[in-house]
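Observations on the model geometry
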Amino acid sequence: MDRRWLLPVALLCVSCVTATPPSSDPPRATPADPEVLRSDLELAWGGIVAREQHPGSGPEVDVEAAASIPMPDHRSIHGAVQYFSTSLRDKIQTSLLRATRYRSMIDAILDEHALPKALAYLPVIESAYIPTLTSRAGAHGLWQFMPATAREYGLRVDWWIDERADPEKSTAAAAAFLTDLYREFGDWSLALAAYNCGPGRVRRALESTGATTFWELLERSALPKETRGYVPTFYATLHIAGDPEAYGFRLEPHAPADLGTITVDGPLSLRFLAGSAGLSESELQELNPALHRGLVPPGRRNVTVPAAAAPLLAEVAATLREDDTEIDVAALVVRKGDTVTRLARRFGTQPGTILEMNDLRPGDSLRAGRSIYVPVNARRLGTLLRHADDEDVFHTVRKGDTLSAIARKHKLSVGDLCELNDLRKDAILQPGQKLRVTPPRGLTAGGM
């Protein structure tokens, strides 16, 4: 899906819920182009500020969602409504239509937490309801959680899985977070500001200025510019959602997809599952956005699938999972002398990847006999372990080695060398890494 067009003001905050840096391994889903988003964002905020000087009359709102939260009257809101209704109308329309896919689920969770229905429209300015969206700061999902905040509210974020992209689980986490923010500030405008820039930032701004409302902080420029735009644009979205026809928009009901759930023992690739039922990998990935690597993690996990394909996929997962040749992870039994660094060099990966895959911390030692996961196809892992010291089968990468130099030395083309080792031609080699330089018996490199 091309996300370059994504609603710019929907990311007005770039969703910095916390300042925690992003994970070293980015999610598999491709984020929107941050330069395009930033350029459009600045134009959008500039347009809203300009319209504050000539706000016009405030729109009338009387629907349930808009009525569920006190609606402030401020020139920045009216300017945002006008801008949304003109320059950004097509993008707002797309986001509102996409919202219908999630509204019943979001409304139910908001009801459970006794929260205003208006908050169901917060993702319009967070993610445009794209579960796999990642901001430049590392926020991710419908509700644009940063990793630390996501984990604090019970979401799993690791090498295998990122539940920030799970619409239902992330909505429950967002509802809990918003409940805590409202409990602290007692005002929705301040709570929303805190959702954007962090409660500590809002707390310090209130204390340093003596202000008591978000609008006072806005007038004094006491909060980041993004936050000063974030809160008004949320209320602008509510105005439009409350009476879409009056502003040239429409809402349409979403026909629920016929979906089922199967229980799978991982690790297993979505590509293998999809192929066994004649589905596309992208179809299963879209139904399971939290599986950001296209892999079901170790252990038992529910996977969402088309209802018609559920019986076949359940049988495949139960009986044929060992036939999954698409999966690029394998279990390894640690041998005496193995370290994370040595294993990473052998398999051409980073030590941090092995640490994350196995929930290890830097400095943790590997106990001989322990089983760990490594990012290597099982077939290649077996070959590496059998022939690791066989110089006519494997070349040990040394400092300064390049793919072309290694290929010449062993009378291979660079393409054949890459194919033998499942490498891209621009792969970065690590000293100590083992590269196969002899095709398996009976096969040529090009025939693998």
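Since the structure is predicted, the reported quantities are computational estimates derived from the model, not experimental observations. (Residues numbered from 1 in each chain as written. Predicted model: local features only at pLDDT ≥ 70, side-chain atom pairs only at ≥ 80, totals over all residues. Heavy atoms only, no water.)

This brings us to the nonpolar core. Counting 66 residues, the largest nonpolar core has Leu122, Trp143, Phe145, Tyr195, Val202, Phe234 and Tyr235 as the members making the most contacts within it. Once residues lying within four places of it in the same chain are set aside, the contact partners of Trp143 are Ile106, Leu119, Leu122, Pro123, Glu126, Ser170, Thr171, Ala174, Leu178 and Tyr195. In this structure, Trp159, Leu291, Val305 and Val329 belong to the second largest nonpolar core, which totals 25 residues. (Core = buried A, V, L, I, M, F, W, Y, C linked by side-chain atoms within 4.5 Å. Buried < 20%, exposed > 50% of the residue type's maximum accessible area, 1.4 Å probe, protein only. Contact = heavy atoms within 4.5 Å.)

Along the chain, Glu64 falls in helix 2 (residues 64-67). Separated by 52 residues in sequence, Glu64 and Pro116 have C-alpha atoms that sit 9.4 Å apart. (Helix = DSSP H or I, 4+ residues; strand = E, 2+ residues; numbered from the N terminus.)

A cis amide bond links Gly266 with the next residue in sequence, Pro267, at an omega value of 0 degrees. Its place among the elements puts Pro267 in strand 1 (residues 259-269).

How two aromatic rings sit relative to each other is set out by the distance from centre to centre and by the angle between their planes. Within this structure, the stated rule accounts for eleven aromatic pairs. Between Phe145 and Tyr195, the aromatic rings sit 6.4 Å apart at their centres with planes inclined by 65 degrees, giving edge-to-face as the arrangement. Separated by 50 residues along the polypeptide, Phe145 in the loop between helix 6 (123-126) and helix 7 (147-152) and Tyr195 in helix 9 (residues 188-197) bring together distant segments of the chain. Among the residues examined, Phe145 registers a relative accessible area of 0% and is labelled buried. Consider the rings of Tyr182 and Trp188, whose centres lie 4.4 Å apart with planes at 15 degrees: the pair is stacked. Judged by relative accessible area, which is 34%, Tyr182 ranks as partly exposed. Judged by its relative accessible area of 9%, Trp188 is buried. An aromatic cluster of at least three residues, connected via ring pairs, comprises Phe145, Tyr153, Phe177 and Tyr195. (Phe/Tyr/Trp six-rings, centres within 6.5 Å; stacked < 30°, edge-to-face > 60°.)

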